[in-house]
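Letter by letter, the chains look like this.
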Amino acid sequence: MSVLTRDGFRVMRETAEEALRRSGNAVNVLVCAGTGCIAGGSLKVCETLKEECARRGLQVYVGLTEHSGEEKSLHIKMSGCHGFCEMGPLVHIEPLGVMYIHVKPEDCCEIVEKTVLRGEIIERLTYQRDGVSYPRQEDIPFYKKQHRVVLAGCGTSDAEDLDEYIAKGGYTAFEKALFTMTPEAICKEISDSGLRGRGGGGFPAGRKWESVRRNVSDVKYVVCNGDEGDPGAFMDRSIMEGNPHSILEGMMIAGVATGAAEGYIYVRAEYPLAVKRLQTAIEKATEVGLLGDDIMGSGFCFHMHINRGAGAFVCGEGSALTASIEGKRGMPRVKPPRTVDQGLWGKPTVLNNVETFANVPGIIRQGAGWYRGIGTDASSGTKTFALTGNVVNTGLVEVPMGTTLREVIFDIGGGIPDGKKFKAVQIGGPSGGCLTEAHLDVPMDFDSLKKLGAIIGSGGLVVMDEDTCMVEVARFFMNFTRNESCGKCTPCRVGTKRLYEMLDKITIKKRRCATLTPILFAYVSPIWYAPIGLDNRNTAAAETKVTPTMTATFSQVIPEKLPRDQLCRLTISASLAKVTTKSVIAEQI
């Protein structure tokens, strides 16, 4: 490890900035190396591009250096996730700003010959929608309505290049926090920005940091939760893969603010690429002296560690996560005490998720006012969402807090495939809920969704079309929570199992209604029910208050046997999947 002074860091930054400026004159080919594009063959695309360049005698350079002379200066980089996962493998070419989709190795010869050497656009490789071609990435509707803050460095840089991160302003926020701000001022800046935890709870990050700062202890810790376990969620993975230094810098700033000298990143073992790039980032930062002892001669020490989780969903909860790092079984504990008082190894601990820490450098560098200017008054900044399911453009999006579901699903996501109707979107993971067409124009922020009984969660959005059976959806998520329950508490250990059994019986073909009706009303009384006639025969439409003794009356309005297609006409509210059932609605859909 080299000894780095503050003056030495400034020289390093100036050198990197000059190299970046010069490299702007060169052709930069960015091949997406996120997990999705790698699965689609992007590594082979990158290899073939280099081979095509070599066949023509073109020298491919690594890093930011701009080479003059007779040869053409050309850079081919493996970047982080571009976000447009549905269209991968993706190749982005600068300074033209061209984005090519679904690139195959056999396309590489034409890309080098026409676009790299002659600056021509290959129409068939561009994104097209409604007969319009979008060769430039910034014009593609999927990107045009996004506001990228956390994802700004993903897809635009070599994910493993420390020099490029520094050239684009990396670690300047850490330098500022280390030399020109007091711990109190750092915590206040984070509080004033309105940054709330992006892991699901939405707790004010500045308040958490301040609590740890005020705690008197010989040892404190900073822990990053990268255990992204919600089905359909991959936001944190993409940040760890595409811009790992932003996470390290955010954690280091938290260390300065709270007096912590050790940082732990907890990553699920199913993310091997994220682990590799985080480890590379830590090694490079340590090598130049940005991590370690007496950083830049300030007397501040900070060491970073990576801990791989075994994949238990419950380890996404703070106390279970810290227990897992300690080598114990990942089990949540009763609170208080909370992690800010007794966290990792019983010491005060700052615990935030990946996206929260990745927001910190920008706030310190550009100020709380800048961050406050994005989003809503109560939910400032942006939020990343993993858009999956029955939507034209699946992928990773980042929008200001307060953006509506309609904008995300239809303007950015391109709507529902094959002209089908939108039915619902599952938001917030297994602990969240389903929003319907009536909620498309509700702003997506912490407080607005809470009023609807839903949560943003980590940011998973699973879109469902008109053919989706909501009973099957409830059954799927109940099965997930049943399997992932830690078993510590009876309502979860036993309740999720029994609820799954109920939902499973509903979905069994030709299940007798004598079995069905007690299932529906066993735990939901008292409720309101408006019978509509599931076999297309109209029945009394007046609302009837249902009690357990009235299940026999309800049985009379349902045929003795109900085929599977009609069973699926039962729409169970999202609250059933949360075990806090408020209503069961039978309707024609």
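Here the structure is a predicted model, which is why all the values come from computation and not from measurement.

Visitor: Is there a simple way to think about the overall build of the protein in this case?
Guide: Secondary structure assignment for the protein yields 24 helices and 20 strands. Counting the 589 residues in the protein, one finds 54% classified as buried. Long-range contacts, defined here as pairs at least 24 residues apart, represent 70% of the contacts in the protein between residues at least 6 apart. In the form shown here, the protein has an accessible surface area of approximately 24,400 Å², with 51% of it arising from carbon and sulfur atoms.

Visitor: What is the right way to look at the packing of aromatic side chains in this model?
Guide: Any aromatic ring pair is given by two values, namely how distant the centres are and how the planes are angled relative to each other. Within this structure, the stated rule accounts for 15 aromatic pairs. Plain terms: the ring middles of Tyr221 and Tyr264 are 6.1 Å apart, the flat faces sit at 65° to each other, and that makes the pair edge-to-face. Residue Tyr221 is located in strand 8 (residues 221–226), and its partner Tyr264 is located in strand 9 (residues 262–268); the two are separated by 43 residues in the primary sequence. Each ring, one from Phe300 and one from Phe302, has its centre 5.9 Å from the other, and the planes form 20°; the classification is stacked. Phe302 matches Phe300 in its accessibility class, with the two residues each being buried. An aromatic cluster of at least three residues, connected via ring pairs, comprises Phe84, Tyr127, Tyr134, Phe142 and Tyr143. Over the ring of Tyr500 we find Arg482, and its NZ or CZ is 4.0 Å from the ring centre.

Visitor: Would you explain the packing of helix 10 (residues 235–242) against helix 12 (residues 272–288) in this entry?
Guide: Any two packed helices are characterised by the angle at which their axes cross and by the distance between the axes. Taken N-terminus to C-terminus, the directions of helix 10 and helix 12 make an angle of 35°; their axes are 8 Å apart at the nearest point. Like other packed secondary-structure pairs, helix 10 and helix 12 cross with a definite hand, here left-handed. Between helix 10 and helix 12, the contacting residues are Arg237, Met240 and Glu241 on the first element and Leu273, Ala274, Arg277 and Leu278 on the second. When grouped by side-chain class, the residues that make up the contact of helix 10 with helix 12 number 4 nonpolar, no polar and 3 charged.

Visitor: Looking at this model, I keep getting lost on the sheet that holds strand 14 (residues 422–427). Mind explaining?
Guide: Strand order in this open sheet of 5 strands is 13-12-16-14-15, and the pairing throughout is mixed. Every interior strand has two partners, whereas the edge strands, strand 13 (395–400) and strand 15 (433–436), have only one. This sheet shows a mean twist of 30° between the axes of neighbouring strands, independent of strand direction. Across 4 bridges, strand 12 (residues 382–389) lies against strand 16 (residues 460–465) in parallel orientation. Residue pairing in the sheet places Gly389 in a bridge with Val463 of strand 16. Against the sheet, helix 10 contacts strand 12, strand 13 and strand 16, and its axis sits at roughly 115° relative to strand 12. Sheet strands touched by helix 18 (residues 470–484): strand 14, strand 15 and strand 16. Its angle to strand 14, the strand with the most contacts, is close to 10°.

Visitor: Help me out: how do you make sense of the pattern of salt bridges in this one?
Guide: Proximity of charged atoms lets side chains of opposite charge pair with each other. In total, this model carries 38 salt bridges according to the counting rule given. Note that Arg21 and Glu18 form a salt bridge whose closest N and O atoms lie 2.5 Å from each other. One end of the pair is Arg21 and the other is Glu18, both in helix 1 (residues 6–23) and 3 residues apart, which spans about a single turn. Accessibility expressed as a relative area gives 32% for Glu18, which makes it partly exposed. Across the pair Glu472 and Arg475 runs a salt bridge, and its minimum N-O distance is 3.7 Å. You can see Glu472 and its partner Arg475 sitting in helix 18, 3 residues apart, about one turn around the helix.

Visitor: Looking at this structure, how should I read the confidence of the model for the protein?
Guide: Detailed reading of predicted coordinates is not advised where the pLDDT is low. Summing up the model confidence of the protein, the mean pLDDT is 83 and the portion of residues at 70 or higher is 84%. Low pLDDT, under 50, characterises residues 514–589; the predicted model gives this stretch 122 contacts beyond four residues in sequence or across chains.

Visitor: Whenever I open this one, helix 7 (residues 172–180) confuses me. Can you help?
Guide: Listed as buried for helix 7 are Thr172, Ala173, Phe174, Glu175, Ala177 and Leu178. Each element contacted by the buried residues of helix 7 is listed here: helix 1, helix 8 (183–193), helix 11 (244–258) and helix 14 (354–366).

Visitor: Help me understand the packing of helix 18 against helix 20 (residues 495–507) in this model?
Guide: Close contact between helix 18 and helix 20 brings their axes to 9 Å; oriented N to C, the two are set at 150°. Taken together, helix 18 and helix 20 sit at an angle that is classed as roughly antiparallel. Our pair here, helix 18 against helix 20, has a crossing hand that is left-handed. For the pair helix 18 and helix 20, the contacting residues are Val471, Glu472, Ala474, Arg475, Met478, Asn479, Thr481 and Arg482 in the first and Thr496, Lys497, Leu499, Tyr500, Leu503, Asp504, Ile506 and Thr507 in the second. Along the lines of polarity and charge, the residues of the contact of helix 18 with helix 20 split into 7 nonpolar, 4 polar and 5 charged.

Visitor: How should I be thinking about the sheet that holds strand 3 (residues 74–79) in this particular structure?
Guide: Remark on secondary structure: sheet strands pair via backbone hydrogen bonds, oriented parallel or antiparallel. An order of 2-3-1-4-5 is seen for the 5 strands of this open sheet, with the pairing classed as mixed. The outermost strands of the open sheet, each flanked by one partner alone, are strand 2 (60–61) and strand 5 (98–100). Across 6 bridges, the pairing between strand 1 (residues 27–32) and strand 3 is parallel. Across the sheet, Val31 pairs through a bridge with Met78, a residue of strand 3. Packed on one face of the sheet, helix 3 (residues 42–55) meets strand 1, strand 2, strand 3 and strand 4 (91–94) and runs near 170° to strand 3.

Visitor: Can you help me understand the pairing of strand 1 in this one?
Guide: Two faces, one strand: in a regular strand the side chains alternate between the faces of the sheet. Counting buried residues along strand 1, 6 of its 6 residues qualify, which places the element largely inside the surrounding structure. In strand 1, alternate side chains face the same way, and those of Val27, Val29 and Val31 on one face and Asn28, Leu30 and Cys32 on the other are all buried. For strand 1 and strand 4, the ladder comprises 4 bridges, and the chain directions are antiparallel. Paired with Val31 across the strands is Val91, a residue of strand 4.

Reading the values: rules and limits
Throughout this description, residue numbers start from 1 for each chain and increase along the sequence as written. This being a predicted model, a pLDDT of at least 70 is required before a residue's local features are given, and a value of 80 or more before pairs of side-chain atoms are given or counted; all residues contribute to the totals for chains, interfaces and linings. Excluding hydrogens and water, the side-chain figures rest on all heavy atoms present in the structure. Put simply, DSSP H or I for four residues or longer makes a helix, DSSP E for two residues or longer makes a strand, and each gets a number counted from the N terminus. Categorising residues by exposure relies on relative accessible area from a 1.4 Å probe, with only protein chains included: less than 20% of the type maximum marks a residue as buried, more than 50% marks it as exposed, and the intermediate range marks it as partly exposed. Every residue pair with non-hydrogen atoms within 4.5 Å of one another is taken to be in contact. Only the protein chains shown count as cover for residues, with accessible areas throughout obtained via the Shrake-Rupley method and a probe of 1.4 Å. Only Phe, Tyr and Trp rings are paired, with Trp represented by its six-membered ring, and only when their centres lie within 6.5 Å; those with planes under 30 degrees apart are stacked, over 60 edge-to-face, the remainder tilted. For a Lys NZ or an Arg CZ to count as sitting over a ring, it must be within 6 Å of the ring centre and within 35 degrees of the ring normal. The axes are straight lines fitted to the C-alpha atoms, using for helices just the contacting stretch, and the angles between their N-to-C directions are given from 0 to 180°. The hand of a helix crossing depends on one turn: near helix anticlockwise from the far one by less than a right angle means left-handed, and clockwise means right-handed. Only Asp, Glu, Lys and Arg are considered charged, only Ala, Val, Leu, Ile, Met, Phe, Trp, Tyr, Cys and Pro nonpolar, and every remaining residue, Gly among them, polar. Only strands joined by at least two bridges in the DSSP assignment are considered to pair. Should a side-chain nitrogen of Lys or Arg be within 4 Å of a carboxyl oxygen of Asp or Glu, the pair is scored as a salt bridge. Confidence of the predictor in every single residue is expressed as pLDDT, which spans 0 to 100. Comment on the angle field: the value is read as roughly parallel under 35 degrees, roughly antiparallel over 145, roughly perpendicular from 65 to 115, and oblique elsewhere.

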